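So the chains spell out like this:
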Amino acid sequence: MLTQSQKDLVKATVPVLREHGVALTSYFYNRMLTNNPNLKETFNLAHQRSGAQAQALAGAVLAYAENIEDPSVLAPVIELVAHKHVSLNIQAPDYNIVGENLLHSISEVLKVPMEDELIAAWAAAYGQLANVFIETEQKIYQEHQQTQGSWLGWRKFKIARKVQESSEITSFYLTPSDGGKLPPHQAGQYISVRMTVPELGHKQPRQYSLSDSPRPDHLRISVKREDAQGDKIGGWVSNTLHAMQENDEIEVTAPTGNFFLFDSHKTNVLISGGVGLTPMIAMLNHLVSLDMPKPVHFIHACRGSQVHAMKQHLNDLKTRQPNLSLWTAYEHPQDSDVLGQDYHYAGRLNLAELPTEQLPTDADYYLCGPIPFMQEQHKALVARGIKPEQIHSEAFGTGGVHFS
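This one's a predicted model, so the numbers in the text were calculated from it and none came from an experiment. (Residues numbered from 1 in each chain as written. Predicted model: local features only at pLDDT ≥ 70, side-chain atom pairs only at ≥ 80, totals over all residues. Heavy atoms only, no water.)

## Some thoughts on the pairing of strand E12 (residues 391–394)
Where strand E11 (residues 364–368) and E12 come together, four bridges link them in parallel fashion. Considered in E12, the bridge of Leu367 is made with Ser393. For the handedness criterion, the β-α-β arrangement of E11, helix H11 (residues 371–383) and E12 is classed as right-handed. (Pairing = 2+ DSSP bridges. Helix = DSSP H or I, 4+ residues; strand = E, 2+ residues; numbered from the N terminus. Right-handed = clockwise from strand over helix to strand, strands pointing away.)

If you want it as structure tokens, here you go:
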């Protein structure tokens, strides 16, 4: 347990963390990955390259320092991150490596001796937080151990089939190389995949939503190819994966995550932007397998028809499912796109333009897409009278989404 004086010392660093937190965490990641190059196969280097990982960690460290008197308020974020850690097969000993490098980084960046009481306070604070994560993750690992067909760590899968869904999104059907069983999973959960990136010379992981309801013989992910644009380098994992062929092998961790369809017996509204439709398709397909007992409103926004993934699948479902309604916004519709048939709104998604029946007040709402997109839709839903506890969201990459 932290003493009150240690808590006070941690809280005293809050102004410094607000101003220099990203510089500190950037230094930390560089130090840790230099001293432990094997961790380059655990941490996604694209997030290091963009600075997103450093920013996310800086925000997390700041939030922990601000709430050191009552860290329990961070429980939802801890659960979300714990699932991501399990998906990357992070184990208890890894926390010792992180802790050592974090404390040395605080010492070196803030120019405070390792013997200083501030370092001792942060050591105690980090130890407390690490124990919370380890205990939370151990429960998730135990759930995997007790689930038939599930597994721990990385398992080899073959790419059984590739299907192009749009000009930039391809679906990959993955089957276990060992011919073994697959576990049931919740519609909306994700897996991590890992393969060698030739450009880097070592393996890289990336997390992708499962884009279908649970199947007994395969898992499906639908991956957007992140092309190079101007100064932006193309996505290492997505481009490597798109270049792979059927029967090639990759490594996969078991499905996990705490963003999934909670209640199939309620009206559900699924709102997505771009490739954020992948967990929504999984939820929708699951509801179809249950014969869609309640209305489902599928609201999607993308740049235009060429990048509108799974459009035909959605239209086919619409013809068979009277409880399904579709509403699509194209930011840049083409002349050949027909309003009311191919799309329903020209421009960025604006929920204020939707008819009232598309946004019922008694429904559950699910959001997935770029963080600014989800923040905008969350705000619009609350303005329409939807309670925040009815709204569930998912974002990939480096952490959770905050709408306050």
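Moving on from the model shown.
## Section: the nonpolar core
Core analysis: the largest hydrophobic core is formed by 45 residues, its most contacted members being Val10, Leu17, Tyr64, Trp122, Ala125 and Phe133. When residues of this core are traced back to their parent elements, those giving at least two are helix H2 (14–35), helix H3 (45–50), helix H4 (52–66), helix H5 (75–87), helix H6 (92–110) and helix H7 (117–146). When residues of this core are assigned to their parent elements, the largest contribution, eleven residues, is made by H7. Those residues in contact with Phe133 that sit more than four places away from it in its chain are Ile78, Val81, Ala82, His85 and Tyr95. (Core = buried A, V, L, I, M, F, W, Y, C linked by side-chain atoms within 4.5 Å. Buried < 20%, exposed > 50% of the residue type's maximum accessible area, 1.4 Å probe, protein only. Contact = heavy atoms within 4.5 Å.)

## Digging into empty space enclosed by the protein
Under the counting rule described, the total for this entry stands at four cavities of 30 Å³ or more. The computed volume of the largest cavity comes to approximately 60 Å³. As for the largest cavity, its lining consists of Val86, Ser87, Asn89, Tyr141, His144, Trp151, Leu152, Gly153, Thr253, Ala254 and Thr256. If you list the elements that add at least two residues to the lining of the largest cavity, you get H5 and H7. Looking at side-chain class alone, the lining of the largest cavity contains five nonpolar, six polar and no charged residues. In this structure, the second largest cavity occupies an estimated 50 Å³ of space. (1 Å grid on protein atoms, 1.4 Å probe; cavity = no way out; pocket = protein on both sides within 12 Å on 5 of 7 lines; lining within 4 Å. Points joined across faces, edges and corners; volume = space filled by probe spheres on them. Nonpolar A, V, L, I, M, F, W, Y, C, P; charged D, E, K, R; others polar.)

## Quick look at the packing of H4 against H7
At a minimum axis separation of 12 Å, H4 and H7 run at an interaxial angle of 105°. Relative to H7, H4 is oriented roughly perpendicular. Every residue of H7 that contacts H4 at Val61, Tyr64 and Ala65 is listed here: Trp122, Ala125, Gln128 and Leu129. (Axes fitted to C-alpha atoms, helices over the stretch in contact; angles between N-to-C directions. Parallel < 35°, antiparallel > 145°, perpendicular 65-115°, else oblique.)

## A closer look at the packing of aromatic side chains
Applying the stated criterion across every chain yields a total of nine aromatic pairs. A ring pair is formed by Phe28 and Tyr29, whose centres lie 4.9 Å apart and whose planes are at 55°; its orientation type is tilted. Each member of the pair, Phe28 as well as Tyr29, carries the same accessibility label: buried. Geometrically, the ring pair formed by Phe262 and Tyr366 is stacked, given 6.2 Å between the ring centres and 20° between the ring planes. With a gap of 104 residues between them, Phe262 in the loop between strand E6 (249–252) and strand E7 (268–273) and Tyr366 in strand E11 connect regions that are remote in the sequence. On the accessibility criterion, Phe262 (43% relative accessible area) is partly exposed. With relative accessibility at 0%, the residue Tyr366 sits in the buried group. Taken together through their ring pairs, the aromatic side chains of Phe259, Phe260, Phe262 and Tyr366 make up a single cluster. Here the basic side chain of Arg49 rests over the ring of Trp236, its NZ or CZ set 4.0 Å away from the ring centre. The side chain of Arg161 reaches across the aromatic face of Tyr173, ending 4.1 Å from its centre. (Phe/Tyr/Trp six-rings, centres within 6.5 Å; stacked < 30°, edge-to-face > 60°. Lys NZ or Arg CZ within 6 Å of the ring centre and 35° of its normal.)

## Considering the sheet that holds E6
Here we have six strands laid out as an open sheet, ordered E4-E3-E6-E1-E2-E5, and antiparallel in their pairing. Of all strands in the sheet, those bounded by a partner on one side alone are strand E4 (202–209) and strand E5 (219–224). Between one strand axis and the next, the sheet turns through 40° on average, direction left out of account. Pairing of strand E2 (residues 169–176) with E5, which is carried by six bridges, proceeds in the antiparallel orientation. Among the inter-strand pairings, Ile169 is bridged to a residue of E5, identified as Lys224.

## Focus: the pattern of salt bridges
This structure, assessed with the given rule, holds 14 salt bridges. For Glu251, the salt bridge identified is with Lys203, shortest N-O distance 3.3 Å. Here Glu251 is found in strand E6, whereas its partner Lys203 is found in strand E4, with 48 residues between them in sequence. We note a salt bridge from Arg225 to Asp227, for which the minimum N-O separation is 2.7 Å. Relative accessible area serves as the criterion here: at 29%, Asp227 is assigned to the partly exposed category. (Salt bridge = Lys/Arg side-chain N within 4 Å of Asp/Glu carboxyl O.)

## Some details on the sheet that holds E7
Taken in spatial order, the six strands line up as E10-E9-E8-E7-E11-E12 in an open sheet, and their pairing is parallel. Lying at the two open borders of the sheet, with one neighbouring strand each, are strand E10 (345–346) and E12. The sheet strands contacting helix H10 (residues 311–320) are strand E8 (296–302) and strand E9 (324–330), and the helix crosses E9 at an angle near 150°. Most of the contacts of H11 go to E11, to which it runs at about 160°, and overall it touches E7, E8, E11 and E12.

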